[in-house]
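In case you want the letters, here they are:
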Amino acid sequence: METSVIDKLRSHASLDFHLRLAGIVDESVVDGPGVRLVVFAQGCPHHCPGCHNPHTWATDGGVSVAAEEIIERLRANLVLSGVTLSGGEPFAQASEFGRLAMAVKKMGFTVTTYTGYKWEHLVQSSYSGVHLLLDNTDILVDGPYVDNLREPGLKWRGSSNQRIIDVHRSLEAGSVVLL
Ligand code: SF4
């Protein structure tokens with residue numbers, strides 16, 4: 001991305017906020033299409049039995065990270081094709097993750113978001129930021145992890161109940177359209 005785009009984002013104060021994170025992985029090929037920067041939210045209300053990341057559950061754990069730092073890491077790596085928001089539960093910080101997703105989209109990258117909530121719950125939610133995050137997500141992997149539906153080798157997800165949803169087509173259709 002050209003420096004001018006970063007400056008433009010800054011001038012609109014789009015990046016002047018922090019997110020509570022469990023961590024960041026700079027390059028992943030298993031969390032959505034292409035090579036992706038993965039941002040792991042700290043805090044998860046779902047407590048799925050068999051969860052592989054229980055350290056992400058506590059809302060007071062993790063670290064506070066400036067949105068600008070995430071954007072700089074995205075800008076600095078030319079192999080990346082997009083950002084994946086995972087967790088933890090990104091929709092528990094929907095306003096902050098929605099603003100981050102919007103900034104990522106403005107830079108021309110794609111956004112994949114993982115959530116333990118189901119699509120039908122999210123589209124009816126009035127929780128602040130939920131629709132901002134949905135509107136700026138290209139692919140949503142929805143639903144809780146269900147340990148007895150775990151299938152090693154499943155594309156982009158841990159258990160077979162989770163759906164890979166084309167968000168924009170689903171919003172247009174008013175019902176789930178799978179990718
Ligand atoms: S939604 Fe994800 S992070 Fe949260 S408990 Fe379930 S598997 Fe773990």
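Keep in mind that this is a model prediction, so the values were computed, not measured.

Undergrad: Sorry, what's going on with the site of the ligand here?
TA: For the ligand, the set of nearby residues contains 13 residues, the closest of which are Cys44, Cys48, Cys51, Gly116 and Tyr145. Residues of the shell around the ligand, tallied by class, amount to five nonpolar, seven polar and one charged.

Undergrad: What am I meant to see in the pairing of strand β6 (residues 139–142) here?
TA: Each regular strand displays side chains that alternate between the two surfaces of the sheet. Residues Ile139 and Val141 line one face of β6 and the alternating positions Leu140 and Asp142 line the opposite face, and both faces are buried. With three bridges joining them, strand β5 (residues 110–114) and β6 adopt parallel strand pairing. Residue threonine 113 lies in a different strand from β6, and its bridge partner there is leucine 140. Pairing of β6 with strand β7 (residues 163–166), which is carried by four bridges, proceeds in the antiparallel orientation. Pairing of leucine 140 across the sheet is with isoleucine 165, part of β7.

Undergrad: Even after reading the chapter, I still don't get the packing of helix α2 (residues 67–76) against helix α3 (residues 94–106), so can you show me in this structure?
TA: In a pair of packed helices, the angle between the axes and the distance between the axes together describe the arrangement. The interhelical angle for the contact between α2 and α3, taken along N-to-C directions, is 30°, at an axis separation of 11 Å. By the angle between their axes, α2 is roughly parallel relative to α3. In the crossing of α2 with α3, the sense of the turn from one axis to the other is right-handed. Contacts from Ala67, Ile70, Ile71 and Leu74 in α2 reach Arg99, Leu100, Ala103 and Val104 in α3. Looking at the contact of α2 with α3 residue by residue, the classes come out as seven nonpolar, no polar and one charged.

Undergrad: How do you make sense of the environment of aspartate 166 when you look at a structure like this?
TA: Tracing the sequence through the fold places aspartate 166 in strand β7. Measuring from C-alpha to C-alpha, the distance between aspartate 166 and valine 177 comes to 5.7 Å, with eleven residues separating the pair along the chain. The contacts of aspartate 166, once residues within four sequence positions are left out, are Ile139, Val177, Leu178 and Leu179.

Undergrad: Hey, could you run me through α3 in this one?
TA: Within an α-helix, residues lying three or four positions from one another point in the same direction, as the helix has 3.6 residues per turn. In this model, α3 (13 residues) spans 18 Å end to end at C-alpha, consistent with the 18 Å of a helix rising 1.5 Å per residue. Of all the residues in α3, the buried ones are Ala94, Glu96, Phe97, Gly98, Arg99, Leu100, Ala101, Ala103 and Val104. Positive backbone phi, approximately 95°, marks glycine 108, located one or two places after α3.

Conventions and cut-offs
- Numbers given to residues run from 1 along each chain, matching the order in which its sequence is written.
- With the structure being a predicted model, the display of local features is reserved for residues of pLDDT at least 70 and the display and counting of side-chain atom pairs for 80 or more, all residues being used for whole-chain, interface and lining totals.
- Here, nearness means that the C-beta atom of a residue, built from backbone geometry, sits within 6 Å of the molecule or strand in question.
- Under the convention adopted here, Pro, Cys and the residues Ala, Val, Leu, Ile, Met, Phe, Trp and Tyr are nonpolar, Asp, Glu, Lys and Arg are charged, and Gly plus all remaining residues are polar.
- Partly exposed residues are those falling between the two cut-offs: more than 12 but fewer than 20 other C-beta atoms within 10 Å of their own, whereas 20 or more means buried and 12 or fewer means exposed, with C-beta atoms placed from the backbone.
- In this description a helix means any DSSP run of H or I spanning at least four residues, a strand means any run of E spanning at least two, and both kinds are numbered starting from the N terminus.
- At least two bridges found by DSSP between two strands is the condition for calling them paired.
- All axes are obtained by fitting lines to C-alpha atoms, using only the stretch in contact for helices, and the reported angles, taken between N-to-C directions, cover 0 to 180 degrees.
- For classification, angles of less than 35 degrees are called roughly parallel, those exceeding 145 degrees roughly antiparallel, those between 65 and 115 degrees roughly perpendicular, and all remaining angles oblique.
- Crossing handedness follows the turn of the near helix against the far one: under a right angle anticlockwise gives a left-handed crossing, and clockwise gives a right-handed one.
- Here contacts are defined at the residue level, using C-beta atoms placed from the backbone and a cut-off of 7 Å between them.
- What a helix should span is 1.5 Å times the count of its residues minus one.

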